[in-house]
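What follows is each chain in one-letter form.
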Amino acid sequence: MSVRAPYLTPGRLTATTAALALLLLASIVGAVLVGPVPASLWRALGQGGTSSADYTILFRTRLPRVLLGAVVGGSLGAAGAALQALLRNPLACPHLLGISGGAAVAGVLALLAGADALSPLVPFAAFLGAIGAIVIVTLGARADGRTTPHAILLVGVVFNALAAAALMLVNTLSSYLQAQGVLFWIMGSLSTQSYTLVAAAAAYAVAGLAWLLRHALDLNLLAAGEEGALQLGVDVERARRAVFVAASLLVGAAVSMSGMIGFVGLIVPHLLRLLLGPDHRLLLPASFLGGGAFLMWADSLARTMLGPAELPVGVVTALTGGPFFLYLLHRDLRRALG
Amino acid sequence: MRRALAVLLLAGCSASSPGPGSSGPPARVVSLAPSITEIVYALGEGGRLVGVCAQCDHPPEVARIPRVGGYLTPSVEVVLATRPDLVIAVPSPGNREAVRALERVGVRMLVVHDRTLADLWTSIAQVADALGVPGAGERLVGYVAGRLDAVRTRVAGLAPRRVLVVVGHNPLIAVGGDNLQDELVTLAGGVNVAADAGATWPTLSLELVVARAPEVIVDAAMGSEATGEALFQALPNVPAVRAGRVVRLAGDTLLRAGPRVPDAAAALAAAIHPEAFQPAPTGITPRAG
Amino acid sequence: MTPLLEADTVSFGYGARQVLRTVSLTLLPGEILGVIGPNGSGKTTLVRLLSGVLAPSAGTVRLAGRPLTAYRRREVARRLAVVPQDPTIDFPFTALEVVLMGRAPHLSALAFPRARDLAIAREAMARLEVAEVESRPLDRLSGGERQRVLLARALAKEAEVLLLDEPTTHLDLRHQAGIHDVARALARERGHAVVSVLHDLNLAALFCDRLMLLARGVVVGQGSPEAVLTVDALQQAYQTQVYVGRNERTGAPVVLPLPRR
């Protein structure tokens, strides 16, 4: 496709990462300035002061939300890149493996048990659900001490189907308005005002990314074949488990805070891989930065497309990501046949 | 098709064709919505109910009536097992298939609408006609309309206040325009700031709440008061928050298009114009500034 | 001289099904051993046992005198290179990136390849005549080019032992000879040892110092090509009529299947 250097140098890594980081920063500023309500940064910082409407809109409703979008998008992007390498499938999606389903079910159960929609108990319960899902899928996929990508995928998909059924069951049992809460989990929402939440999420996401980066070279070798990786010195079993757990924790945390937002973890790593190459030392940080930027823009669209009412952000990512995904699939099929 | 056959077997040997409803008023009535149950009781015909939906909780006598499934998911088999002469339903997101199934089996079905106040008058009349008590229907309409007028009068002359009615915290779901709840807000002396955001329960972004600057926020969402508090406290320059006019409205009277709408209207009016309602009626927890 | 690689009566099986039974081999530095035999005779399993991917159910595999299990993973990775049979790689790594992977056992986790690593990688690619395609992604290469890139990866490791599993499947005549010339040069120049699993008996006869004939999991012949490639042994192993002649130019045996009439 595009012409790129034959291999990754430290220079290229720093330059590309810096460029993407700038793009992310620009997107943060852009997304904060965009919204269904006009708000002036000038006024907010100037005469109005901290009690002006502009200040409240920009810094109490938009900025935390935009930052959460960056963190969640980054988590999903990096996790997606890692899982695509782990499963040796460039079109794998992080929500496929049941982690998101586990988080959503646990979160909804917490809501039904009486927790408030905005209580921190809900994301906490969701995160526990994600961990539970990770444990179940890891154990279920292990046979003879080996965890193959094939097994992970099969067990994950089945678990996902079960979680989806559980969510639908909850949907029918709850009242109409409780059902709206379930919608939050299925379609996602980045609405938040808490800088504390965003900070915690960011710290967590960066830690997860760092853990994945430790295995970046392993991911390169694994992506090129399991036996090849083995005889190149990779502890395949340990690397696989570590990557699966790290990526799943990233996904679990993201879903706990914002519901299941699809297509970010699928499209962003795939597209960046086409542009930048499959070397994970670059692809992981790039997918993190790119995922954050993409989700922020999707959320901006979600906030502004329909006038006063807002769309769930998962709808926008699906509408932009879906057709693109079909195009990629079509291209792959054509290449495979022709 | 299979399901309908199984249902017929369950229903036993009673005639699968429409019951004796075609001749004479129905004796066995099933209500598939809480608002309909309240209308039937308000018409004085509660004795005819042989099945109600799970969410029906008013008046207290309804507790002894068997349940036939939820408002969203009624059970066709259980409804048929009560051998109804008439089933009354409101279109809900989940019951379309059940209603169709009941119609196919030949049960007499009455579907009434509940979106606007006009729908409410029509539905009272339709239910009363179907039950054979049109006079009671007219009286009920008059009674409810009269009580609504009383509320309207009480706040007449007061300058309307900008109101946001919230029914969900996360996502933030509000009462939109062109529906019964919106009409009640207007009647109660308010201006719904989210009226242009679409007819059914729009999700609002927080910045919109800031921009629309409501003077009163009515928090009718489920969940604790603390959540609503936390949500709105972060928006200190919204007039409602500054003035301490975030009012909690417990229960779901607001959402029920039945004979108790005047109670909901009164609660709204007391929230929007507290100075006209001293002391505050029950069911309202105004927040101190 | 200690053998570089040794299999000491190794067996491997799944339950009742024994894939390999008491197979022994020794490989001295500078030797090229060809492993031949019909399909299902256990050749690939033998390679996987020798590389440590599989553990034998009986017997030991030794590298430079010590059991494979006594080595740390990375050390085995540095000293032993395997080119598996035709793997598919779904990710668009460039040829050079793939060959550079061969340097991974010599680099720490996040280290980037140094100038020396690049030089070694490029030299390996030049030897296998894939230097021109270094910037091309793997899915844009022909089958033969891809195979040579994977061979280059194994060479870039600078490993003492090279295990090749059917390395010539997609290669034309020129390259079939070419890679074995490379293998032989490595063996002679640096004292490396090579095990090559081959379908083509004539190629095996031409390039290998010694042959091992496997049939149904057991060694039925081991020694020089002339000693192993006899009509009786081959007809028994392959269950078909063969003709064995002599290559006049090189003196190596030539084997051809005979029609079954």
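1. Quick look at the overall build of chain A
So, step 1. Across its full length, chain A holds 14 helices and 2 strands.
So, step 2. What you see for chain A is a C-alpha radius of gyration of 20 Å, in line with the 20 Å of a compact globule of 338 residues.
So, step 3. C-alpha extents for chain A along the principal axes are approximately 65 × 50 × 40 Å.
So, step 4. For chain A, buried positions account for 56% of its 338 residues.
So, step 5. The long-range share in chain A, meaning contacts at least 24 apart out of those at least 6 apart in sequence, stands at 76%.

2. Quick word on the overall build of chain C
So, step 1. A tally of helices and strands in chain C yields 9 helices and 12 strands.
So, step 2. Against the compact-globule benchmark of 18 Å for 261 residues, chain C has a radius of gyration of 19 Å, which places it among compact chains.
So, step 3. C-alpha atoms of chain C, sized along the principal axes, occupy 55 × 40 × 35 Å.
So, step 4. A buried classification covers 47% of the 261 residues belonging to chain C.
So, step 5. Considering only residue pairs separated by 6 or more positions, chain C has 65% of its internal contacts joining residues 24 or more positions apart.

3. Examining the interface of chain A and chain B
So, step 1. In this assembly, 28 residues from chain A lie in contact with 35 residues from chain B.
So, step 2. Counting only elements with at least two residues in the side of chain A that touches chain B, the list comes to helix H3 (53-86) and helix H7 (176-187) of chain A.
So, step 3. The element that contributes the greatest number of residues to the side of chain A that touches chain B is H3(A), accounting for 6 residues.
So, step 4. Of the residues assigned to the side of chain A that touches chain B, the class counts are 11 nonpolar, 12 polar and 5 charged.

4. A short note on the arrangement of the chains
So, step 1. When the 2 pairs of chains in contact are compared, the highest contact count belongs to chains A and B.
So, step 2. Left apart from each other, chain B and chain C have a closest C-alpha approach of 40 Å.

5. With respect to the sheet that holds strand E4 (residues 109-111) of chain B
Residue and element names in this part refer to chain B.
So, step 1. Reading across the sheet, the 4 strands line up as E2-E1-E3-E4 and stay open at both edges, with parallel pairing between neighbours. Both edges of this open sheet fall to strand E2 (49-52) and E4, since each of them pairs with a single strand only. Going across the sheet, the axis of each strand differs from the next one's by a mean of 20°, ignoring polarity.
So, step 2. Taken strand by strand, helix H4 (residues 96-105) contacts strand E3 (86-89) and E4, and its axis lies near 145° from that of E4.

6. Quick notes on the interface of chain A and chain C
So, step 1. The interface is formed by 25 residues belonging to chain A together with 27 residues belonging to chain C.
So, step 2. For the side of chain A that touches chain C, the secondary-structure elements that each account for two or more residues are helix H9 (216-223) and helix H10 (226-230) of chain A.
So, step 3. In terms of residue class, the side of chain A that touches chain C is made up of 12 nonpolar, 7 polar and 6 charged.

7. Thoughts on the packing of H3(A) against helix H13 (residues 280-304) of chain A
Residue and element names in this part refer to chain A.
So, step 1. Interhelical geometry of H3 versus H13 gives an angle of 140° and a closest axis separation of 6 Å. Regarding the angle of H3 to H13, the classification is oblique. Where H3 crosses over H13, the handedness of that crossing is right-handed.

8. Considering the sheet that holds strand E9 (residues 210-215) of chain C
All names here are of chain C.
So, step 1. Within the open sheet, the 6 strands sit side by side as E6-E7-E8-E3-E9-E10. Their pairing is mixed. Single-partner strands in this sheet number two, and they are strand E6 (80-83) and strand E10 (218-223). Taking each pair of neighbouring strands and ignoring which way they run, the sheet shows an average axis angle of 15°.
So, step 2. Alignment of strand E3 (residues 32-36) against E9, held across 4 bridges, turns out to be parallel. In the strand pairing of E9, Leu33 is matched with Arg210.
So, step 3. Along the sheet face, helix H5 (residues 143-156) touches E6 and strand E7 (161-165) and points at about 175° away from the line of E6.

9. Looking at the environment of Leu255(B)
Residue and element names in this part refer to chain B.
So, step 1. In this structure, Leu255 sits in the loop between strand E9 (246-249) and helix H11 (261-272).
So, step 2. With 19 C-beta atoms counted inside 10 Å, the residue Leu255 sits in the partly exposed group.
So, step 3. On a C-alpha basis, the gap between Leu255 and Val167 in space is 9.3 Å, while along the polypeptide they are 88 residues apart.

10. Observations concerning the confidence of the model for chain C
So, step 1. Within chain C, residue pLDDT values average 89, and 99% of them lie at 70 or more.
So, step 2. At the level of individual helices and strands, chain C shows its lowest average pLDDT in helix H6 (residues 173-190) of chain C, which scores 85, and its highest in E3(C), which scores 94.

11. Here we look at H13(A)
So, step 1. If you check H13(A), its first and last C-alpha atoms are 35 Å apart, about what 25 residues at 1.5 Å a residue would give, namely 36 Å.
So, step 2. Judged by how many residues are buried, H13(A) sits mostly within the fold: 23 of 25 residues are covered.

12. What about the packing of helix H7 (residues 180-187) of chain B against H11(B)?
Residues and elements named next belong to chain B.
So, step 1. Look at H7 against H11: their axes get within 9 Å of each other, and the N-to-C directions meet at 50°. In terms of orientation, H7 lies oblique with respect to H11. When you trace H7 past H11, the crossing you get is right-handed. For the pair H7 and H11, the contacting residues are Leu184, Val185 and Leu187 in the first and Val261, Ala264, Ala265 and Leu268 in the second.
So, step 2. Of the residues in the contact of H7 with H11, the class split is 7 nonpolar, no polar and no charged.

13. So, the environment of Glu61(B)
Residue and element names in this part refer to chain B.
So, step 1. With respect to the element layout, Glu61 can be found in the loop between E2 and helix H3 (76-81).
So, step 2. Under the C-beta neighbour-count criterion, Glu61 is labelled exposed, with 11 such atoms within 10 Å.
So, step 3. The sequence separation of Glu61 and Tyr41 amounts to 20 residues, and the corresponding C-alpha distance is 9.3 Å.

14. So, the pairing of E6(C)
Residues and elements named next belong to chain C.
So, step 1. The alternating pattern of E6 places Leu80 and Val82 and Ala81 and Val83 on opposite faces, both of which are buried.
So, step 2. Pairing between E6 and E7: 4 bridges, direction parallel. Looking at the pairing, Val83 lines up with Leu164 of E7.

15. Structural notes on unusual backbone geometry
So, step 1. The linkage connecting His58(B) with the following residue, Pro59(B), adopts the cis geometry, with an omega of 0°.
So, step 2. Looking at the element boundaries, Pro59(B) is found in the loop between E2 and H3.
So, step 3. Unlike most non-glycine residues, Arg88(A) shows phi in positive territory, near 55°.
So, step 4. In this structure, Arg88(A) sits in the loop between H3 and helix H4 (99-112).
So, step 5. Arg88(A) sits in the buried class, given 20 other C-beta atoms within 10 Å.
So, step 6. Here the phi dihedral of Phe263(A) falls at roughly 75°; this positive angle occurs in a residue that is not glycine.
So, step 7. You can see Phe263(A) is positioned in the loop between helix H11 (236-258) and helix H12 (264-276).
So, step 8. Residue Phe263(A) is classed as buried on the basis of its 24 C-beta neighbours within 10 Å.

16. Looking at the pairing of E7(C)
Residue and element names in this part refer to chain C.
So, step 1. Counting buried positions over the 5 residues of E7 gives 5, a clear majority of the element.
So, step 2. Because side chains alternate across E7, one face comprises the buried residues Val161, Leu163 and Asp165, and the other comprises Leu162 and Leu164, equally buried.
So, step 3. Inspection of the sheet shows E7 paired to strand E8 (residues 193-197) by 5 bridges, in the parallel sense. Bridge pairing in E8 places Val161 opposite Ala193.
So, step 4. For the handedness criterion, the β-α-β arrangement of E7, H6 and E8 is classed as right-handed.

17. Regarding the nonpolar core
So, step 1. Among the nonpolar cores identified, the biggest contains 286 residues, and Ala82(A), Val127(B), Ala174(B), Val218(B), Leu268(B) and Val99(C) are the most heavily contacted of them.
So, step 2. Counting residues per element, this core draws most heavily on H3(A), at 18 residues.
So, step 3. Setting aside residues up to four positions removed in sequence, Val99(C) forms contacts with Ala121(C), Ala124(C), Met125(C), Val149(C), Ala152(C), Arg153(C) and Ala156(C).

Reading guide: rules and limits
- Residues numbered from 1 in each chain as written.
- Chains lettered and ligands numbered in written order.
- Predicted model: local features only at pLDDT ≥ 70, side-chain atom pairs only at ≥ 80, totals over all residues.
- Helix = DSSP H or I, 4+ residues; strand = E, 2+ residues; numbered from the N terminus.
- Rg over C-alpha atoms; globule rule 2.2 N^0.38 Å.
- Buried ≥ 20, exposed ≤ 12 C-beta atoms within 10 Å, placed from the backbone.
- Contact = placed C-beta atoms within 7 Å.
- Nonpolar A, V, L, I, M, F, W, Y, C, P; charged D, E, K, R; others polar.
- Pairing = 2+ DSSP bridges.
- Axes fitted to C-alpha atoms, helices over the stretch in contact; angles between N-to-C directions.
- Parallel < 35°, antiparallel > 145°, perpendicular 65-115°, else oblique.
- Left-handed = near helix turned anticlockwise from the far one by under 90°.
- pLDDT = per-residue confidence, 0-100.
- Expected span 1.5 Å × (residues − 1).
- Right-handed = clockwise from strand over helix to strand, strands pointing away.
- Core = buried A, V, L, I, M, F, W, Y, C linked by C-beta atoms within 7 Å.

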